[in-house]
Structure formats: C-alpha cells, structure tokens
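# Residue-level structural notes
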Amino acid sequence: MKRQKFITAENLPIMTRAFAESVDPALRSGGDVTVSLIGEPGVGKSYISGKLSDAVTGPHITALTMTVPRDNLHDLILWSVRESESLQIRQVDEASTRFVGQEYRDFVIAQRELHPVPPRVKPGITFVEHPDPEMEEASDIVVRLSFSEHQRAAILMLRDNMFGAAPEIIASIKDDIARVMAQGCLLEMEFQGNRVDRVPLIDFFDEPAETEIGREDDEPDLELAL
C-alpha cells in the first residue's frame, strides 16, 4: 500500500506526528521498526529521518553522529544514533550500488569497518539510506523522496548557468539552488507488513492538500523568478 504527497514546512510537522502515532504500537511491544529511505542526492533523506526521529523520541535525547570527511565533497554522515530513556533510533547508509556508484559504496564499507554502527540496546527505529533489495523488502516502511518536475527543471537550469560564471555569481546560484531544494519534496510512503498502525499516516496522506496549506494541488509554486 502506497501514499504520496508533496511535503513542505507547513505539513511536515503533521506528517511526523502521524508517523510517531503509527510506529508507537510496534515500539511499545519492544520491536525494532525498519524504514528504508530512497532518493536522489540533496533531496533531504537525512533531514526527513531526523524530523521523524524527533517526533518519536521527543526533545530529551542524547545523540552520537559519526561524520567522515571526503575530498572536495560535503562530509558524509556515516551513521547516527539518538537515544531517549526507552528508545534508540539509528540512521545508517547501506550504500547499495542500486543507488550509488561502486566508488561511493567502497568508501562507505571501508569507513564502516573503521567506525562500526553501535549495536542496538533498546527498542526503536532503524533508518536505512540506499538499502539493498533484501533490506528494502524487509522494511516496515519504505520512503521514496524526489524533487517535483518543476524543482528538477529549475535546478538543472540553475546548474547550467554556473558554467563559466564568475565566483560571486556561482555563490548566488548555489543559494538559489538551495532555496529550490528547501521548498520541499515529493514523498511516497509504502507500508509493508502489519507491525505498523497505518491509519494515522494514511489519514495524513489522504487529507486534501487544500485544507493543510490553502491549495488544491500538492505542489507549491517555485518562489524564484526564473
């Protein structure tokens, strides 16, 4: 069973509350919920999983993050662990070559050997980015994130404008790209198995967008003058 909606700053808190309600029965029974996250670079997989984690654990947590520097690229979040008194939420990158190149996978695997993911010691949630087919199939929820067609077209056009541009223009274009990305993403959620109470999330996805953000469609206008 799948549901889809364009997620914005306005309806993200509603979705995260629904997520917390949906996974609560499995967590109360001492289970480990698995969520696979699939999406293109920069679409916000780690950001979304962080917001979902916050909704489940609440504000009083300890957090440990293993960040690995990379040459000429932003630092890689290899894994992170958030803990409350009763729950543990882990976020890991499985680096399946279904979604990433072999060089990236080799880098992640080598770093995981140097910095293993802490073992689970409490019931909770494991968010897995770039899952292999077996992990995706075994997940309780699969989340697929993508930019809208309008966003993708705007990002491609802005990137094209960077070629040969002066440094100050490139910096301005990067800011424009970040603003396009920050406007939200199209999120598809697939429910698998029966360990998660689907009703709160289905209610969220089936609620007309007009009642949430004052529009009849699920895709907001781009705010840039392109």
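Rules behind the numbers
- Residues numbered from 1 in each chain as written.
- Predicted model: local features only at pLDDT ≥ 70, side-chain atom pairs only at ≥ 80, totals over all residues.
- Heavy atoms only, no water.
- Helix = DSSP H or I, 4+ residues; strand = E, 2+ residues; numbered from the N terminus.
- Areas by Shrake-Rupley, 256 points an atom, 1.4 Å probe, with all protein chains shown as cover.
- Lys, Arg positive; Asp, Glu negative; His and termini not counted.
- Charge placed at Lys NZ, Arg CZ, Asp CG, Glu CD.
- Expected span 1.5 Å × (residues − 1).
- Buried < 20%, exposed > 50% of the residue type's maximum accessible area, 1.4 Å probe, protein only.
- Arc of directions from axis to C-beta.
- Phe/Tyr/Trp six-rings, centres within 6.5 Å; stacked < 30°, edge-to-face > 60°.
- Lys NZ or Arg CZ within 6 Å of the ring centre and 35° of its normal.

Take the overall build of the protein chain next. Scanning the protein chain for helices and strands turns up eight helices and eight strands. Along the first, second and third principal axes, the C-alpha set of the protein chain runs to 55 × 50 × 35 Å. When the accessible surface of the protein chain is totalled, it reaches about 12,000 Å², and 52% of it is carbon and sulfur. Counting 23 positive and 40 negative side-chain charges, the protein chain places the averaged centre of each group 4 Å from the other.

So, on to helix H3 (residues 102–114). Its 13 residues give H3 an end-to-end C-alpha distance of 19 Å, which sits within 8% of 18 Å, the value for a rise of 1.5 Å per residue. For H3, the set of buried residues is Tyr104, Val108 and Gln111. Along the axis of H3, the buried residues cluster in a sector spanning 70°; they form a single face. Seen from the buried face of H3, the exposed residues on the opposite side, beyond 90 degrees, are Glu103 and Glu113.

This brings us to the packing of aromatic side chains. Enumeration over the complete set of coordinates arrives at two aromatic pairs. On the numbers, 5.1 Å between centres and 75° between planes, the contact of Phe204 with Phe205 is edge-to-face. The exposure class of Phe205 is buried, given its relative accessible area of 6%. Seen from the ring of Phe204, Lys5 lies directly overhead, with NZ or CZ sitting 4.6 Å from the centre.

On to the environment of Asp160. For Asp160, the position within the fold is in helix H5 (residues 149–160). Residue Asp160 is classed as exposed on the basis of its relative accessible area, which comes to 51%. For the pair Asp160 and Ile173, spaced 13 residues apart in the sequence, the C-alpha separation amounts to 10.0 Å.

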